[in-house]
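The primary structure of each chain is shown beneath.
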Amino acid sequence: MSAQHKTCQLPYHLHRRGFLQASGAITAIAFVGTGTLSTLAFADALTQAQRDRLTPDAVLALMKAGNKRFYTGKPEDHNFLAQQRASAKGQYPAAVLLSCIDSRASAETIMDLRIGDVFNSRVAGNVENPDILGSMEFACKLAGAKVVLVMGHTACGAIKGAIDNAELGNLTGLLAKIKPAVDATTYAGERTSKNYAFVNAVARKNVEITMSNIRRDSPVLAELESNGAIKIAGAMYNLETGVMDFFAG
Ligand SMILES: [Zn+2]
């Protein structure tokens, strides 16, 4: 058992590995007063009841905690076969992600998540489009996810390509969707793809713009957010440190 287990007041069976186990305080808030405490036995995948009791802020806190386990080198001891079996009959993910295809920025790994914890849509430069919005609307409105998280990352090749006006087949059209972020980035220094700081500033702006575009282009998601059913959030992942910087708000 970890130090976290030892200091927590909840019974150990409520702290088996996984998404819900990451924050004792939030888990306690989620389950106190439900009257079902004695009947809960955490399996290796989220149940609908467990997911439904989480607030959007609680889901974000759990993702932050998972990233901290990752970058401090203390990930859970995942039994992926058990997770696969536990989730095979149904899925109740807590969030839907929009992240880059970059091979080093796999969201499930860097947030120490289990099979079934989140939906993840990936496209170079993490920009939205109607198909991704449709996927997010399914995830939140029909499947019950509580958070839409747009995640950019440092040293992103798609961002560099947009800065450089790269052209190649279908990539040209994809990069065109990132270019508004290049123009919208206020930066006093060298505005080239060789400038690490500028590339990351554009990547951050691109996440902000994508969050706005999701609200603008999906009345379904915008309404869920205004009702408090979901939160649309942003984050930047640092390839060098392994740390995710979640945007405030
Ligand atoms: Zn990227």
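Residues numbered from 1 in each chain as written. Predicted model: local features only at pLDDT ≥ 70, side-chain atom pairs only at ≥ 80, totals over all residues. Heavy atoms only, no water.

(A) Structural context of the environment of Gly-90. Within the secondary structure, Gly-90 is located in the loop between α5 (80-87) and β1 (95-99). With 45 residues separating them in the primary sequence, Gly-90 and Ala-45 have C-alpha atoms 9.5 Å apart. (Helix = DSSP H or I, 4+ residues; strand = E, 2+ residues; numbered from the N terminus.)

(B) Region of the structure containing the pairing of β1. For β1, the tally of buried residues reaches 5 of 5 residues, placing the bulk of the element in the interior. The alternating pattern of β1 places Ala-95, Leu-97 and Ser-99 on one face and Val-96 and Leu-98 on the opposite face, and all of these are buried. Pairing of β1 with strand β3 (residues 147-153), which is carried by 5 bridges, proceeds in the parallel orientation. Note on β3: the bridge partner recorded for Ser-99 is Met-151. (Buried < 20%, exposed > 50% of the residue type's maximum accessible area, 1.4 Å probe, protein only. Pairing = 2+ DSSP bridges.)

(C) Highlighting the coordination of the zinc ion. Coordination of the zinc ion by the protein is provided by Cys-100 (SG), His-153 (NE2) and Cys-156 (SG), with metal-donor distances spanning 2.0 to 2.3 Å. Of note, the donors binding the zinc ion are all from one chain and are spaced C-x52-H-x2-C. Of the residues examined, His-153 reaches a relative accessible area of 1% and is grouped as buried. Among the residues examined, Cys-156 registers a relative accessible area of 1% and is labelled buried. (Donors = N, O, S within 2.8 Å, 3.2 Å for Na, K, Ca; no water.)

(D) Quick look at the nonpolar core. Counting 39 residues, the largest nonpolar core has Met-136, Cys-140, Val-148, Ile-159, Ile-214 and Leu-221 as its most contacted members. Examining the composition of this core, we find that 7 residues originate from one element, helix α11 (residues 196-217), more than from any other. Those residues in contact with Cys-140 that sit more than four places away from it in its chain are Val-96, Ala-145, Val-148, Leu-221, Leu-224 and Ile-230. Counting residues in hydrophobic clusters, the runner-up holds 24 residues, among them Leu-60, Leu-62, Ala-95 and Leu-149. (Core = buried A, V, L, I, M, F, W, Y, C linked by side-chain atoms within 4.5 Å. Contact = heavy atoms within 4.5 Å.)

(E) Main features of the pattern of salt bridges. All told, the structure shown has 10 salt bridges when counted by the stated rule. The salt bridge involving Asp-245 is made with Arg-204; its shortest N-O contact spans 3.1 Å. With a gap of 41 residues between them, Asp-245 in strand β5 (residues 244-246) and Arg-204 in helix α11 connect regions that are remote in the sequence. We classify Asp-245 as partly exposed; its relative accessible area is 37%. On the basis of relative accessibility, which here comes to 31%, the residue Arg-204 falls in the partly exposed class. Ionic pairing is found between Glu-208 and Lys-205, a salt bridge with its closest N-O pair at 3.3 Å. Placement of both Glu-208 and Lys-205 in helix α11 is noted, with a separation of 3 residues, approximately one turn of the helix. You can call Glu-208 partly exposed: its relative accessible area is 30%. Each of Arg-69, Glu-76 and Asp-112 takes part in one network of salt bridges that share partners. (Salt bridge = Lys/Arg side-chain N within 4 Å of Asp/Glu carboxyl O.)

(F) Representation of the packing of aromatic side chains within the structure. Under the counting rule described, the total for this entry stands at 2 aromatic pairs. The interplanar angle of 75 degrees and the centroid separation of 5.9 Å between the aromatic rings of Phe-119 and Phe-138 together place this pair among those described as edge-to-face. One end of the pair, Phe-119, is in strand β2 (residues 118-122); the other, Phe-138, is in helix α7 (residues 130-142), and 19 residues separate them in sequence. On the basis of relative accessible area, Phe-119 is assigned to the buried category, the value being 15%. We classify Phe-138 as partly exposed; its relative accessible area is 40%. Note on Tyr-187 and Phe-198: the rings are 5.3 Å apart at their centroids and 55 degrees apart in plane angle, and the pair reads as tilted. Separated by 11 residues along the polypeptide, Tyr-187 in the loop between α10 (179-184) and α11 and Phe-198 in helix α11 bring together distant segments of the chain. Take Tyr-187: its relative accessible area is 25%, and that puts it in the partly exposed class. (Phe/Tyr/Trp six-rings, centres within 6.5 Å; stacked < 30°, edge-to-face > 60°.)

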